[in-house]
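Geometric and topological summary
This is what each chain is made of:
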Amino acid sequence: MSRRILAVAVVVLASLLALVATAQHTRAPAPERNAETGLAFPDMIGPARKVGSTDYAKSNGTPELGYAWNYETPATTTTFYIYNFGIAEIPSGARDSVVLTQFQQAIADIEIGARTGRYEQLKPSTGPADCTVGAMVFRCITFTAVLPSDKRPVFTRLFMTGYRNHILKVRQDWPQNSPPAAREVDAVIQAFASSASP
């Protein structure tokens, strides 16, 4: 009888551990409207369809990392991030030292990603500079790179600004030598900026 109880206890314990492990890896979706900034992330932004989102506070207990919303077209990807990184005051706009520091950190993250295999031959193409999209001013930079999986040359672009006491970061990837894809990424950021209130 004790062997049977022990076997049942082991099965129950293994099941509980599997549930805990699964729960730790589940990504909680971000809300469609970000309450802190009022920015909306509907099913479509311009030509891009939302394919997922993450609430980092609920997903892995890191509220300072905020939220991410992922959008795609057949040829492009765009990810929007809203976070405060635990910073008490984040001025609006692209030129404050807080935003510039976060922008430099985001560039460093892209470079680290290249060193760990996300991109090959990563090189700055345009920027860094200020980029005005609608009524919004971002700090921006575009890189050229090659995807290691299929050796396809791509552009990868970073936009960042302070927005209502948060950092708003946008990352976009699209193939080089594809004017339609370039128009799509521009249409996504323009549609987003036109829906935001400065």
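Located above this text is the structure these notes cover.
So, here's what we can say about the structure. Everything numeric here is computed off the predicted structure, so don't read it as measured data. (Residues numbered from 1 in each chain as written. Predicted model: local features only at pLDDT ≥ 70, side-chain atom pairs only at ≥ 80, totals over all residues. Heavy atoms only, no water.)

**Some points on the side chain of Thr79**
As for its position among the elements, Thr79 is in strand β4 (residues 77-83). Taking relative accessible area as the criterion, Thr79 reaches 14% and is therefore assigned buried. Within the structure, the side chain of Thr79 is placed 3.1 Å from the side chain of Asn70, a separation counted as a polar contact. (Helix = DSSP H or I, 4+ residues; strand = E, 2+ residues; numbered from the N terminus. Buried < 20%, exposed > 50% of the residue type's maximum accessible area, 1.4 Å probe, protein only. Polar contact = N/O pair within 3.5 Å; in protein donor to acceptor, adjacent residues only side chain to side chain.)

**A few points about the sheet that holds strand β5 (residues 120-133)**
Strand order in the open sheet made by the eight strands is β1-β2-β3-β4-β8-β7-β6-β5, with antiparallel pairing throughout. The open sheet has two edge strands, β1 (44-45) and β5, and neither has a second partner. Bridge count between β1 and strand β2 (residues 48-55): two bridges; the pairing is antiparallel. In the strand pairing of β2, Met44 is matched with Arg49. Of the strands in this sheet, β4, β5, β6 (136-146), β7 (153-163) and β8 (166-175) are in contact with helix α3 (residues 97-115), which crosses β7 at around 155°. In the packing of helix α4 (residues 179-195) onto the sheet, contacts are made with β1, β2, β4, β5, β6, β7 and β8, and the angle to β8 comes to roughly 160°. (Pairing = 2+ DSSP bridges. Contact = heavy atoms within 4.5 Å. Axes fitted to C-alpha atoms, helices over the stretch in contact; angles between N-to-C directions.)

**Details of the state of the cysteines**
Under the defined criterion, the tally for this structure stands at one disulfide. Sulfur-sulfur distance for the disulfide between Cys131 and Cys140 comes to 1.6 Å. As the torsion about the S-S bond is roughly 45°, the Cys131-Cys140 disulfide counts as right-handed. (Disulfide = S-S within 2.5 Å.)

**Some words on the packing of aromatic side chains**
In this structure the tally under the stated criterion is nine aromatic pairs. A ring pair is formed by Phe41 and Trp69, whose centres lie 3.7 Å apart and whose planes are at 5°; its orientation type is stacked. Here Trp69 lies in strand β3 (residues 67-72) and Phe41 lies in the loop between α1 (2-25) and β1, a separation of 28 residues in the sequence. Of the two residues, Phe41 and Trp69, both sit in the buried class. (Phe/Tyr/Trp six-rings, centres within 6.5 Å; stacked < 30°, edge-to-face > 60°.)

**Section: the pattern of salt bridges**
Summed over all chains, the structure comprises seven salt bridges. Here Asp130 ties to Arg139 by a salt bridge, and the two come within 2.9 Å at their closest N and O atoms. The exposure class assigned to Asp130 is partly exposed, which follows from its relative accessible area of 37%. For Arg139, a relative accessible area of 15% corresponds to the buried category. Put simply, Arg152 and Asp150 hold a salt bridge, and the shortest N to O gap is 3.3 Å. Residue Arg152 is classed as partly exposed on the basis of its relative accessible area of 33%. Salt bridges linked by common partners bring Arg95, Asp130 and Arg139 together as one network. (Salt bridge = Lys/Arg side-chain N within 4 Å of Asp/Glu carboxyl O.)

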